[in-house]
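Summary of structural features
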Amino acid sequence: MNIHQQLLKKGNRSVLNRYKNVLGGSMKIGTEESRLVFDNEVASGFIQSVNLRNGISFLQYDMTIFRDAEIAHINSGGSPLYLIYCSEDDLIHSFSSKGLKRKLGKFQTTILTSSHDSNSIFHFVKNRKYKILLIKINPYNTFQNTSFNSLKNSIEAKIHATQTSDYLVYIGSYNLKIANEISQIKNVPQDQLVRSLLLEAIINKVLAYGIQQFENDKNLNFYSFSKYLTKKEMCTIQELAAFIANGPEKEYTIKSLCGRVGMSSTKLQHGFKLLYGTTVKDYIRDVRLDMAEELIKNTDLSISEVVYSIGLTSRSYFSKIFKKKFDCSPKKFREQQNSFYDYCVA
């Protein structure tokens, strides 16, 4: 373990200790992962810290807090870059205890850093449920320096004129693709090697989505576009997407979906494009194909039966869209699954 990895590990442990001093609980320290668990009059839930390669680490919060609290992330040895995503409630951030407070909104990607060693203060409000992913990229790592400086300079160019260049903050438009990726963390197995690789893949994907979101927002007037939908309407569209995913075999029309949620078709389409990066029609197609994949892999249904099970009637159309997504026909896909099973059993 080099000196930078030691500093990273020590820094994350210090952060968890500061949370422990405020929230109480018990802490389990591991080589790459540490976890603080609490259930008392102050808060209930956990905070998990994970060290990855190349100076990247992350904190995952899943907690309900019963008192107002401020907790500092103390920077040393350079100013890190944070990517923060809240999937349950808003989080308040400032660069000092008395500094300007900013709301980091639910479903919005936030990227922030500073040009000097300023501490990040997170303000937690009582009786709130927090689910947060906080990714930290340390600038002292040689591998990350180019990406770090490039992204930091790009963010600086986008900062409002009213903000000083000492504090660089980008709060992006709504993005549910990141929420879907984060939800996969709980399914990662405990096997150390597999877990490390899968966690790294998820975090890299979240970073990629966040940077892509930033680049897209630079080319759009996303501040006015994101205001086109209220947070309540965003949540309504999320619930509608879950409703479709839970019953992809049902027959859906834009008219019936608009009637279900009380939105115009224009607003509904904008919402799906904003949150999922796709149209309503393509979202329905994708969840049907995901269901078809599971049926082909895990059942003995014929391909025709799979087609009807996901709400389609044309086998030729199904084969066409399936091949486009999975790069092989449904029949070939099943043969590959059977071949793999035979190999494992042999």
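Calculation notes
- The residue count restarts for each chain, going from 1 along the sequence in the order it is written.
- Predicted model: local features are reported for residues with pLDDT of at least 70 only, side-chain atom pairs are reported and counted for 80 or more only, and whole-chain, interface and lining totals are derived from all residues.
- Heavy atoms throughout the structure, all of them, feed into the side-chain values; hydrogens and water do not.
- DSSP bridges decide pairing: two strands pair if at least two such bridges lie between them.
- A run of DSSP states H or I qualifies as a helix once it reaches four residues; a run of E qualifies as a strand once it reaches two. Both are numbered from the N-terminal end.
- By nonpolar core we mean a set of buried residues, namely Ala, Val, Leu, Ile, Met, Phe, Trp, Tyr and Cys, connected to one another through side-chain atoms within 4.5 Å.
- Residue exposure (1.4 Å probe, protein chains only): buried if accessible area is under 20% of the type maximum, exposed if over 50%, otherwise partly exposed.
- Should any heavy atoms of two residues lie within 4.5 Å, those residues are considered in contact.
- For this analysis, a ring pair means two rings from Phe, Tyr or Trp (six-membered ring only for Trp) whose centres lie within 6.5 Å, classed as stacked if their planes differ by under 30 degrees, edge-to-face if by over 60, and tilted for the remaining angles.
- By definition here, a helix of n residues has an expected span of 1.5 Å times n minus one.
- Relevant arc is that of directions from the helix axis to the C-beta atoms, nothing else.

Let us now look at the pairing of strand 7 (residues 91-94). The pairing of strand 7 with strand 8 (residues 102-104) spans three bridges and is classified as antiparallel. In the strand pairing of strand 8, His93 is matched with Arg102. With three bridges joining them, strand 7 and strand 10 (residues 120-124) adopt antiparallel strand pairing. What sits directly across from Ser94, in strand 10, is Ile121.

As a further point, take the nonpolar core. Counting 47 residues, the largest nonpolar core has Phe58, Ile135, Ile244, Leu268 and Phe272 as the members making the most contacts within it. Those residues in contact with Ile135, other than ones at most four positions away along the chain, are Ile56, Ser57, Phe58, Leu81, Tyr82, Leu83, Ile203, Val206 and Leu207. Residues Ile47, Met63, Leu91 and Phe124 belong to the second largest nonpolar core, which totals 29 residues.

Moving on: the packing of aromatic side chains. Counted according to the given criterion, the structure contains 12 aromatic pairs. Taken together, a centroid distance of 5.3 Å and an interplanar angle of 65 degrees make the contact between Phe272 and Tyr283 edge-to-face. Pair noted here: Phe272 is in helix 8 (residues 265-276) and Tyr283 is in helix 9 (residues 280-298), with a separation of 11 residues, a long-range link. For the pair Phe272 and Tyr283, a shared accessibility class is recorded, and that class is buried.

What follows concerns helix 8. For the α-helix, the turn length of 3.6 residues means that residues three or four positions removed from each other point alike. Along its 12 residues, helix 8 runs 16 Å from first to last C-alpha, staying within 8% of the 16 Å computed at 1.5 Å per residue. Looking at helix 8, one finds that the buried residues are Leu268, Gly271, Phe272, Leu274, Leu275 and Tyr276. Looking down the long axis of helix 8, one finds its buried residues gathered within 165 degrees of arc, a one-sided arrangement. Looking at the residues trailing helix 8, positive phi occurs at Gly277, about 70 degrees.

None of this, on its own, says anything about what the molecule does.
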